[in-house]
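# Examination of the molecular architecture
This is what each chain is made of:
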Amino acid sequence: MEKITSQESPLIDTPTTNLQRETEDECKPYFIDTKKLTKNQIDHLRELGVVSNEYDKSFPLSEYICLLRSKHLDYLQRSLLPKESYCLSKSFISLDASKPWIIYWCLQPLDLLGAMDTDGVSSSIAASSTLPVPTTPFLKEDSLIGIVHTLESCWMDIPHRLQDVDSCCYTCLFGDSDDDDMSIQDMPTQCLGGGYGGGPGQLPHCATSYAAILSLCIVAGCDTYHYPLATKLAQEVLFRKRKPLYLWFLSLQCSYPYIPDTVAYCMHHDGEIDVRATYTVLCMASLLNILTPALTRGVLPFIASCQTYEGGFGGEPHAEAHGGYTYCALAALRLLTASPMSCSSSTHCIHHQKESSSLSPNTTSHDLLSRNIDLDALKGWLVFKQKTLEGGFAGRTNKLVDGCYSFWLGASIALLNIIEKCYESSHGENYGIVYDAGIQEQNEFWISHSSFEDNEQKNNSYSHHAMETSLPTMGCDKDELLFDRTMLQRYILLCCQDLNGGLRDKPSKPRDFYHSCYVLSGLSTSEHVLRSTNGDDSFPVYGDCKQNLIFATHPVYNIRLKHVQQAFERLHNMVK
Ligand SMILES: [Zn+2]
């Protein structure tokens, strides 16, 4: 849309530089100078929905670029319909062991687009068509009930030898004298944990369990007026699965060979040990309010050992730095350092309080991290993953831009940014909080969810002033986020949208659910995180504000803020 900065030619051509050049050539047509477009061409873009119907030629065309909300909603909701109504194509057979993932990859972007909110979706549909404003949410309750049943069918109990269950943690989480529940003293050495596999009868796996728990938290956190049965069902499942998941998590602990005194997790029994497993376990445990010292002890040094000489994190020690693993490492570090004692204040567990007090009240996340991680190297590695011409992120050094890293890299930078911001503004972060940081910080560094919803009612208050300037300067004066939001959003809106709905890696790649999820999650992060409030209601949104502003996702859990908050409140209250 704006001037294209020319890239310096490399000294020598290699397969890598050739591929990079081809990718730039692939993206450049999407960034053409819109002043050169003819009226017919603009009309065509309007018909496609890429340019808003409200286009006024006295303003730059880039202000009217649209997220194809209704097309994305339609693409994403089909996979969640009952099989009598819609069947995924046979090519999906290779994803048979990824059922919870498919659910999460569709549900999270649907949720960000407001598919389960009457207000959220109405504004998008009303803006793009002449349809009357719907009074019911876009997604039917049956779809959400179907999701819970499908996830239930992926659950597997798994007996394993019980080792070192921390009796104190266990007792304070699950009680010790229930008739139905076995106390720790009575437990046989064989105990029954469990988790979610990729499909019925499949081995429990951290990745699919993570997708399942996130999906259940989304369903459980929907509004109970429109989804009375689905929310209740999901809440019951979440509560029922806490204990077997806790036991299963403990059974996944292991020490990483050659790195003494560290604790890591494996993806499944006898599975690979890596930083994904660590993040997914901590993330699920945090949401379920079972993140005890028994799960966190010794984990930080393992994550630290995954940082590479480049500054990013690999999946395991000595592996190449990678955007996905770096996200896992940073989000896990955030969970470890920001909310270490999730149950200490809900119970009176002496053990927890003792460990809790070993962290000085003046110790911040930043202090803990800077002692263990090379934060400057990490920051350097992260920021150089944003491509100068395309505006999106690459996942590794010398790799190509890919839409999914809008979240993996965007949220990583946001997390590091938030940690540093906290440090600067309040040296002495509050420990012992039940809510994860992010929730706690959102009032200051995030817009709070309620104020976001308020804002969504006031369409007229959306300010276009932030987009009047050309691309490189939008919001830069006061923007403290360490990546260029405008460049990223431009890449997402112009290069990652399939005109028939769904989002993709880059223009030459087909749409898919995975990219739809992470491209939109990246869009959400770039619209909300560290937004400079300055007392006005404007959001740093590229293109048409009404169409393109989506709900805020939490950078640690990657579900909407309200679901994180509700999960904490619900599961906190349920703890005995
Ligand atoms: Zn990708």
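None of the values given here were measured: they were computed from a predicted structure. (Residues numbered from 1 in each chain as written. Predicted model: local features only at pLDDT ≥ 70, side-chain atom pairs only at ≥ 80, totals over all residues. Heavy atoms only, no water.)

This paragraph deals with the overall build of the chain. For the chain, the helix and strand inventory stands at 24 helices and 4 strands. Considering only intrachain contacts with a sequence separation of at least 6, the fraction spanning at least 24 residues in the chain is 74%. For the chain, the exposed surface amounts to about 23300 Å²; the carbon and sulfur share of it is 52%. (Helix = DSSP H or I, 4+ residues; strand = E, 2+ residues; numbered from the N terminus. Contact = heavy atoms within 4.5 Å. Areas by Shrake-Rupley, 256 points an atom, 1.4 Å probe, with all protein chains shown as cover.)

This brings us to the coordination of the zinc ion. Around the zinc ion, the protein contributes the donor atoms D402 (OD), D402 (OD), C404 (SG) and H515 (NE2), which lie 2.1 to 2.4 Å from the metal centre. Each of the 4 donor atoms bound to the zinc ion contributes to angles spanning 58 to 128°, and the resulting shape is irregular. Of note, the zinc ion draws all its donor residues from one chain, in the sequence arrangement D-x1-C-x110-H. With C404 in the loop between α16 (375-383) and α17 (405-425) and H515 in helix α22 (residues 513-528), the pair connects residues that are 111 residues apart, well separated along the chain. For C404, a relative accessible area of 2% gives the class buried. Accessibility expressed as a relative area gives 10% for H515, which makes it buried. (Donors = N, O, S within 2.8 Å, 3.2 Å for Na, K, Ca; no water. Tetrahedral: all angles 85-135°; square planar, octahedral: opposite > 155°, others 65-115°. Buried < 20%, exposed > 50% of the residue type's maximum accessible area, 1.4 Å probe, protein only.)

Here D505 is to be found in the loop between α21 (485-495) and α22. Excluding anything up to four places from it in sequence, D505 contacts V401, D402, G403, Y491, C496 and H515.

Okay, the pattern of salt bridges next. Counted according to the given criterion, the structure contains 17 salt bridges. Salt-bridge contacts for K28 lead to D25; the nearest nitrogen and oxygen are separated by 3.7 Å. Judged by relative accessible area, which is 30%, K28 ranks as partly exposed. Its salt-bridge partner being K546, residue E54 comes within 3.2 Å of it at the nearest N-O pair. Within this pair, whereas E54 is found in the loop between α2 (39-48) and α3 (69-78), its partner K546 is found in helix α23 (residues 545-548), the two being separated by 492 residues in sequence. The class of E54 is partly exposed, set by a relative accessible area of 44%. Within this structure, D111, D117, R560 and K562 form a network of salt bridges that share partners. (Salt bridge = Lys/Arg side-chain N within 4 Å of Asp/Glu carboxyl O.)

A rise of 1.5 Å per residue sets the reference length of helix α10 (residues 275-287), with its 13 residues, at 18 Å; its end C-alpha atoms lie 18 Å apart and thus fit the reference within 8%. All of the buried residues in α10 are V275, A277, T278, Y279, T280, V281, L282, C283, M284, A285, S286 and L287. Just past α10, the residue N289 takes up positive phi, approximately 60°. (Expected span 1.5 Å × (residues − 1).)

Fine structural detail should not be taken from predicted coordinates in areas where pLDDT scores are low. Model confidence for the chain is summarised by a mean pLDDT of 81, while 75% of its residues fall at 70 or above. Mean pLDDT values for the elements of the chain range from 26 in helix α20 (residues 465-468) up to 98 in helix α8 (residues 206-220). Ignoring residues within four places in sequence, the model shows residues 339-351, a span with pLDDT below 50, making 40 contacts including any to other chains. Taken together, the stretch residues 427-477 has pLDDT below 50 and engages in 137 contacts with residues farther than four places along the chain or on a different chain. (pLDDT = per-residue confidence, 0-100.)

It is worth spelling out unusual backbone geometry at this point. Although it is not a glycine, Y258 adopts a positive phi angle of roughly 70°. Overall, the relative accessible area of 83% leaves Y258 in the exposed class. A positive phi angle is found at N558, which is not glycine, with a value near 55°. Checked against the element boundaries, N558 lands in the loop between α23 and α24 (561-574).

With that settled, the discussion passes to the nonpolar core. Membership of the largest hydrophobic core comes to 152 residues, with the highest contact counts inside it found for Y104, L144, I213, Y246, L287 and I303. When residues of this core are assigned to their parent elements, the largest contribution, 12 residues, is made by α8. The residues contacting Y246, other than those within four sequence positions of it, are C169, Y170, L173, F174, I290, T292, A294 and L295. (Core = buried A, V, L, I, M, F, W, Y, C linked by side-chain atoms within 4.5 Å.)

We now examine helix α1 (residues 15-27). Its 13 residues give α1 an end-to-end C-alpha distance of 18 Å, which sits within 8% of 18 Å, the value for a rise of 1.5 Å per residue. Taken residue by residue, α1 has Q20, T23, E24 and C27 as its buried positions. Projected down its long axis, α1 shows its buried positions confined to an angular sector of 100°, all on one face. In α1, those exposed residues whose orientation departs by more than 90 degrees from the buried face are P15 and E22. In this structure, the buried side of α1 is in contact with α21. (Arc of directions from axis to C-beta.)

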